[in-house]
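Chains, contacts and geometry: an overview
Listed below, chain by chain, are the residues.
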Amino acid sequence: MLNLEKSLAAFNEAKTLMPGGVNSPVRSYANVDCNPPFIAKAKGDRIFDIDGNEYIDYVGSWGPMVVGHAHPNVVKALQEAVTRGTSYGAPTLLESELAKLVMKVYPSIEVIRMVNSGTEATMSALRLARGYTGRDKIVKFIGCYHGHSDSLLVNAGSGMATFGVPSSPGVTKGTAADTISVPYNDVEAITKVMDEMGDEIAAVIIEPVAGNMGCVPPKQGYLRKIRELTQAHGTILIFDEVMCGFRASLGGAQAAYGITPDLTCLGKIIGGGLPVAAYGGRRDIMMKVSPAGPVYQAGTLSGNPLAMTAGIETLKLITAEPEPGEADYSRMLTLKTKKLLLGWLEKAKEAGVTIQAHQAGSMFGIFFNEHEVYNYDDSCASDQEAFKVWFKSMLEQGIYLAPSQFETLFMSGAHSDEDIDRTIEAAGKAFKAVAESRR
Ligand SMILES: *Cc1c(COP(=O)(O)O)cnc(C)c1O
């Protein structure tokens, strides 16, 4: 048994200080009926709790830690940067450097604005789309999560889905009324909405690879159809690549599927573990953002020098030219992920447990479903009890996974072949535990 004594005491205290003891809901482990380990430090693919337990980490701070924790390049650059001051609220060379690194792999981003969180990126992109088109309505997809701004907190996945709240108290009816939600991966549904009121719709916002209902890639041709529909109605297409950016492929889902959105939201990886996100895209649209244009958006800490530094070092590592004969960073991650999932599939089969394994580059996850998973309803039909048994068994064995069926797992460059093998072995035991729990 894991000893989590100190974590339990820490959690009990934290619950008196913060709602649910946490600063972001899914961290509370409420969904898996256990208490969260409190983390003391992390290095490479390992994370260590305050009781001294060590885990192989596939959460990666929910995506950002693509080069592993405390990568020496990132640490060194941050140590140097911090001695130069932590914030100036004035322009720096670092902001242009990060902008150029991003634009090199996202050619659809002609102009970019840095912000501090994915929530800010999507909220600002929507305001911009509304300001640009002069229209109020937006379309989102059920189970897609775009942060917690009011217009987008309607039928959002992961934390929301986990806690069974379709929308949040505090979001006004008026706001929710301007948000139209349609099922993911359903061409007919989006076609119908666009045919009926496309000319009133400012933006369609989508996770081009869904990651907040578990990992659910788009069906063949789905994104292309959405691109055609939005183009036909002068509706802005926003790809929320906060999670799938730099993961579905280096150039994100837009490169992987060959679709050019009007605006893109990025986050998680571009901050290398510090709070950074961004939105950007077509020059004519982005030039409407203040002070170039009338659509207001600002931030005291936006473009923060430490955050820019962590982002720059991380992007340098993942965009570096590979050694001759070696796979580039993103390909290397994809191969590691494939190896892990093939191992899990084999172990599940041995244990007689049917799973659906999904991968998009270095994003991955499994569902305990008999049938294929294409949307949020399918994801909700996954066997939650099986998930809990699986999750707890993996944690006991030192494998740190997201404590919810509705979250995606992430591979990093720090995951060694040995650690992946160990994770496959652990999965064997965990699937057996699932099989036994069903007897
Ligand atoms: C994480 C996430 C967000 C929100 O980002 P925060 O930094 O948590 O505000 C938005 N969209 C997607 C697709 C995400 O995965």
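Residues numbered from 1 in each chain as written. Predicted model: local features only at pLDDT ≥ 70, side-chain atom pairs only at ≥ 80, totals over all residues. Heavy atoms only, no water.

Per an unreviewed UniProt entry, the protein chain goes by the name Glutamate-1-semialdehyde 2,1-aminomutase and belongs to Mitsuokella multacida DSM 20544. According to the UniProt record, the Subunit (unreviewed entry) comment for the protein chain is "Homodimer." UniProt, in its Catalytic activity (unreviewed entry) section for the protein chain, records the words "(S)-4-amino-5-oxopentanoate = 5-aminolevulinate". (UniProt positions renumbered as here; feature names shortened; annotations may be inferred.)

In the vicinity of the ligand, the contacting residues are S117, G118, T119, Y145, H146, G147, E207, N212, D240, V242, M243 and K268. In the model, a nitrogen atom of the ligand is placed 3.3 Å from a nitrogen or oxygen of the Y145 main chain. Protein chains bury 82% of the 380 Å² of accessible surface belonging to the ligand in isolation. The residue inventory of the shell around the ligand, partitioned by class, reads three nonpolar, six polar and three charged. (Near = heavy atom within 4 Å. Polar contact = N/O pair within 3.5 Å; in protein donor to acceptor, adjacent residues only side chain to side chain. Areas by Shrake-Rupley, 256 points an atom, 1.4 Å probe, with all protein chains shown as cover. Nonpolar A, V, L, I, M, F, W, Y, C, P; charged D, E, K, R; others polar.)

Another aspect to go through is the nonpolar core. Counting 68 residues, the largest nonpolar core has Y58, W344, F368, W390 and F431 as its most contacted members. Summarising the domain contributions, this core has at least three residues from each of domain 1 (5–70 + 327–437) and domain 2 (72–319). Excluding residues that lie within four positions of it along the chain, F368 makes contacts with V353, T354, I355, S382, D383, A386, F387, W390, Q405, F431, V434 and R438. Ranked by size, the runner-up nonpolar core spans 27 residues in total, among them I180, V216, Y222 and L223. (Core = buried A, V, L, I, M, F, W, Y, C linked by side-chain atoms within 4.5 Å. Buried < 20%, exposed > 50% of the residue type's maximum accessible area, 1.4 Å probe, protein only. Domains from an automatic or database assignment. Contact = heavy atoms within 4.5 Å.)

Within this structure, the stated rule accounts for 15 salt bridges. Ionic pairing is found between D33 and K388, a salt bridge with its closest N-O pair at 3.2 Å. Here D33 is found in the loop between α1 (5–17) and β1 (39–43), whereas its partner K388 is found in helix α14 (residues 384–396), with 355 residues between them in sequence. A relative accessible area of 16% places K388 in the buried class. A salt bridge links R46 to D45; the nearest nitrogen and oxygen atoms lie 3.2 Å apart. Of the two residues, R46 and D45, neither departs from the other in class, the shared state being buried. (Salt bridge = Lys/Arg side-chain N within 4 Å of Asp/Glu carboxyl O. Helix = DSSP H or I, 4+ residues; strand = E, 2+ residues; numbered from the N terminus.)

Time to look at helix α8 (residues 222–233). Compared with the 16 Å implied by 1.5 Å per residue over 12 residues, the 17 Å span of α8 between its first and last C-alpha is a close match. Of all the positions in α8, only Y222, L223, I226, R227, L229, T230 and H233 are classed as buried. Looking at the buried positions of α8, the neighbouring elements they touch are β5 (137–141), α7 (187–197), β7 (201–206), β8 (236–240) and α9 (252–257). G234 sits one or two positions beyond α8 and adopts a positive phi of about 65 degrees. (Expected span 1.5 Å × (residues − 1).)

In this structure, F38 sits in the loop between α1 and β1. In the structure, F38 is positioned 27 residues away from M65 in sequence and 18 Å away in space, judged by C-alpha atoms. Excluding its chain neighbours within four sequence positions, the residues that come into contact with F38 are S7, A10, F11, A14, F48, D49 and I50.

Quick look at the UniProt feature "modified residue: N6-(pyridoxal phosphate)lysine" (unreviewed entry) in the protein chain now. As annotated in UniProt, the feature "modified residue: N6-(pyridoxal phosphate)lysine" (unreviewed entry) corresponds to K268 in the numbering used here. Tracing the sequence through the fold places K268 in the loop between β9 (263–266) and β10 (277–281). Residue classification places K268 among the partly exposed residues on the basis of a relative accessible area of 26%. Setting aside its immediate chain neighbours within four residues, K268 contacts W62, G63, P64, V242, M243, G273 and V276.

The subject of this paragraph is the sheet that holds β8. Strand order across the open sheet formed by seven strands is β4-β10-β9-β8-β7-β5-β6, with mixed pairing between neighbours. Of all strands in the sheet, those with a lone pairing partner are β4 (111–115) and β6 (179–182), marking the two edges. On average, each strand axis in the sheet is inclined to that of its neighbour by 20 degrees, with strand direction left out of account. For β4 and β10, the ladder comprises five bridges, and the chain directions are antiparallel. Looking at β10, one finds that R113 is bridged to Y279. (Pairing = 2+ DSSP bridges. Axes fitted to C-alpha atoms, helices over the stretch in contact; angles between N-to-C directions.)

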